[in-house]
Protein chains: 2
Amino acid sequence: MVQQQSQIKNKLLNILPERDMNVLAPQLELASLPRGTLIAKRGESIQHVYFLESGIASVVVTTPGGYQGEAGIFGNEGYVPTSAAAGVDSSSHDIVVQMDAEAYRMDYESFRIAMEENRSLWKVVVRSIEAFSVQLAYTAVCNAIHDVNERLARWLLMCEDRIQANELPLTHDFLSMMLAVRRPSVTTAMHILEGNGFIRAYRGSVVIKNRAALEEFAHDAYGIPEAEYRRLMSDLF
Amino acid sequence: MVQQQSQIKNKLLNILPERDMNVLAPQLELASLPRGTLIAKRGESIQHVYFLESGIASVVVTTPGGYQGEAGIFGNEGYVPTSAAAGVDSSSHDIVVQMDAEAYRMDYESFRIAMEENRSLWKVVVRSIEAFSVQLAYTAVCNAIHDVNERLARWLLMCEDRIQANELPLTHDFLSMMLAVRRPSVTTAMHILEGNGFIRAYRGSVVIKNRAALEEFAHDAYGIPEAEYRRLMSDLF
DNA sequence: ATTGTTGTGTACGATACCGTACATTTTCTC
DNA sequence: GAGAAAATGTACGGTATCGTACACAACAAT
C-alpha cells in the first residue's frame, strides 16, 4: 500500500493522474533493495515490476565470455524491467541494484492487467521505455567516441541526478565494472577530475564539488538524454 | 495499399494475425527510400511511421560537438521511429537510410489510432521496441569492451542479417562513421578479416565468404540480441 | 585520353588504455 | 592492537587506436 501520491518520489507514479494512481495504489508495496540485489535476470521470469523511490540500479550486460559492462542506469525516474510492458514474462536484461534502493513494486500479473486497463499507466510506462532507450543509444555512442575521463564524468553526473545527495558512495573497482575499463584507469581519471576541482575523492565515495564545471568537462557526453527525458515526460497529461 | 500478407517481408507486419493486417492494409503505402534518406530527425515531428521491407537504416547519434556514431541498426525486422509508440509526435533520434530501402509507411496519425484500436499491432510494436533496446544495450557494452576488428565483424554480421545478399555495398569511410573510428582503422580491420578468409573486400563492397567463422571471430560481440529478438517475437500469437 | 573524384593502402609519431604486479593506506574483525 | 581485508596509488612494457598526411588505384565525366 501507498501513502499520499504527492509524497511518492518515483516520477512515473508521481505524474499519474490521481484517480489512476488510486486504482494502482492497493497493488503497490514498498520494498527495500540493498545494493547487489538482482532485480531481474536475463531470460528468467519476472516476479515483480519495480518503481524505484530512491537508490540506483542498472542494466548490466554480461557476455558469454564473462566480460561485463553497464548499458544503462536508472533511479526514481523509471520502472523496471522494461520488458514487462511488452507482455513478455521474462526479462531481457540483468538488472542490478547499485546503490541501496527503496522501490514500490507490484507483482507481474497485476502489472500486466493494469497496463491493459489503465491507459495512463500505459502512457507513462511506454514513454519511460522510450526515454531509457535514448539513454542506451547515447551510452553506445559515448562509449565509442569518448575517453575514460569523460565517461567517468558522465557517469558521476548521471549518478548524482538520481540521488538526493552530492556524495556518491562508490569505489574505483565498482566504477571500473560500470565503465568496462581497468580499475587503475578509474583511479587516474578520478585524479584528473579531482585535479580540476570538479570532485573530491574519498575512500569509498566521491563528492561532486562543482557540477557545472563537471558538466562542461563531460560536454558532449552528457545532457541530451536528460533533456529528452524531460521532453518526453512533460506533455503527458 | 498492400498485396498478399504472406508476401510482405517486414517481419512485424508479416506476423500480424490476418484480420488485423487487413484492417491495417488500406493505410499502408509502399515507399522507396534511397540511401541517405533522413527518415526522422531528433526533435522534429514525425510524418510517417515506416516498416522496412528491404534495405537498412540506422539510428545515428550526432553530438553537439559534431561527433557522430551509430547506436542501432534495423531492417525489415522492425519499425520506426520507435517514439511513435509512445505517443510523442516527434522522434527521439536521427534515423538514416544506410542502404537503399523499400518500406510500407503509414501516416503518423493513423498509426496512433491503429495502436489504440489494434491490440495485435500494439503487441508487435512494443515487442519490437524491446528487442531494439536489447540491441542498443549490447552495442553500448560492445563499444566499451571490444576492439575494432570485432566490432567490424559484428557490424557486417548484423548487416548481412538484414539483407538478402551476402554482398554488402559499403565503403570504409561509411563504416568508419558507423563504428565511430578512423577510416584507416576500418581498412586495417578489413584486412584482418580478409586475411582470415572471412570476407572478400572489393572497392565499395564486402562479400561475406565464411559467415560461421566470422561469427566465431566476433564471438562475444554477436548473437545475444539476435537470439533475444527471436525469443521476443516467437510466442506472440 | 585527360582530368577530377572517390575509395583504398600505408606511414609515423603521439596517446590512451591495456594487463599485471605490487606497495601503501584505511577500515574491519577478532 | 594485531592481522586480514578492502580501497587506492603507482609503475612498466605492450598494444590499439588516434590524428594526419600522402600516394596510388579505380571509376566517372568531359
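All values derive from a computational prediction rather than experimental measurement. (Residues numbered from 1 in each chain as written. Chains lettered and ligands numbered in written order. Predicted model: local features only at pLDDT ≥ 70, side-chain atom pairs only at ≥ 80, totals over all residues. Heavy atoms only, no water.)

A. Quick look at unusual backbone geometry. Residue Pro81(A) is bonded to the preceding Val80(A) through a cis peptide linkage, with omega at 0°. Among the secondary structure elements, Pro81(A) is positioned in the loop between strand 4 (68-74) and strand 5 (94-107). Located in the positive-phi region is His219(A), a residue other than glycine, with phi close to 40°. With respect to the helices and strands, the residue His219(A) is situated in the loop between helix 8 (211-218) and helix 9 (224-234). Of note, the phi angle at Ala180(B) is positive, near 55°, even though the residue is not glycine. (Helix = DSSP H or I, 4+ residues; strand = E, 2+ residues; numbered from the N terminus.)

B. Summary view of the sheet that holds strand 7 (residues 199-202) of chain A. All names here are of chain A. Strand order across the open sheet formed by three strands is 6-8-7, with antiparallel pairing between neighbours. Because the sheet does not close on itself, it has two edges, and the strands there are strand 6 (167-168) and strand 7. As defined by bridge partners, strand 7 adjoins strand 8 (residues 205-208) across four bridges and the pair is classed as antiparallel. Bridged to Ile 199 within strand 8 is Ile 208. (Pairing = 2+ DSSP bridges.)

C. Highlighting helix 4 (residues 119-145) of chain B. With 27 residues, helix 4 of chain B should cover 39 Å at 1.5 Å per step; its first-to-last C-alpha distance of 40 Å lies within 8% of that length. Counting buried positions over the 27 residues of helix 4 of chain B gives 23, a clear majority of the element. (Expected span 1.5 Å × (residues − 1). Buried < 20%, exposed > 50% of the residue type's maximum accessible area, 1.4 Å probe, protein only.)

D. Structural detail: the domain arrangement of chain A. All names here are of chain A. Taken domain by domain, chain A consists of domain 1 (5-142) and domain 2 (146-228). On a C-alpha basis, the centroid separation for the pair domain 1 and domain 2 is 24 Å. Taken together, the contacts link 20 residues of domain 1 with 19 residues of domain 2. Residue Glu 77 pairs with Arg 162 through a salt bridge whose shortest N-O separation is 2.9 Å. Applying the counting criterion to the domain 1 and domain 2 interface returns five residue pairs in polar contact (both at pLDDT 80 or more). Those elements that place two or more of their residues in the side of domain 1 that touches domain 2 are strand 3 (48-62), strand 4, strand 5 and helix 4 (119-145). In the side of domain 1 that touches domain 2, the residues fall into eight nonpolar, nine polar and three charged. (Domains from an automatic or database assignment. Contact = heavy atoms within 4.5 Å. Salt bridge = Lys/Arg side-chain N within 4 Å of Asp/Glu carboxyl O. Polar contact = N/O pair within 3.5 Å; in protein donor to acceptor, adjacent residues only side chain to side chain. Nonpolar A, V, L, I, M, F, W, Y, C, P; charged D, E, K, R; others polar.)

E. Expanded view of the protein's contact with DNA strand C. Residues in close proximity to DNA strand C total 17 residues, the closest being Val148(A), Ser185(A), Arg183(B), Arg203(B) and Gly204(B). Counting only atoms of DNA strand C within 4 Å of the protein, the sugar-phosphate share comes to 56%. Between DNA strand C and Tyr202(B) there is a distance of 3.3 Å, counted from a phosphate oxygen to a backbone nitrogen or oxygen. Within the contact set of DNA strand C, a phosphate oxygen lies 2.7 Å away from a backbone nitrogen or oxygen of Gly204(B). Elements represented by at least two residues in the surface near DNA strand C include exactly helix 7 (183-195) of chain A together with helix 7 (183-195) of chain B. Of the residues forming the surface near DNA strand C, the biggest block, four residues, is contributed by helix 7 of chain B. Its residues placed into classes, the surface near DNA strand C shows six nonpolar, six polar and five charged. (Near = heavy atom within 4 Å.)

F. The sheet that holds strand 8 (residues 205-208) of chain B, seen in detail. The strand order across the open sheet formed by three strands is 6-8-7 (chain B), and the pairing between neighbours is antiparallel. The sheet is open, and its two borders are formed by strand 6 (167-168) and strand 7 (199-202) of chain B, each paired with just one other strand.

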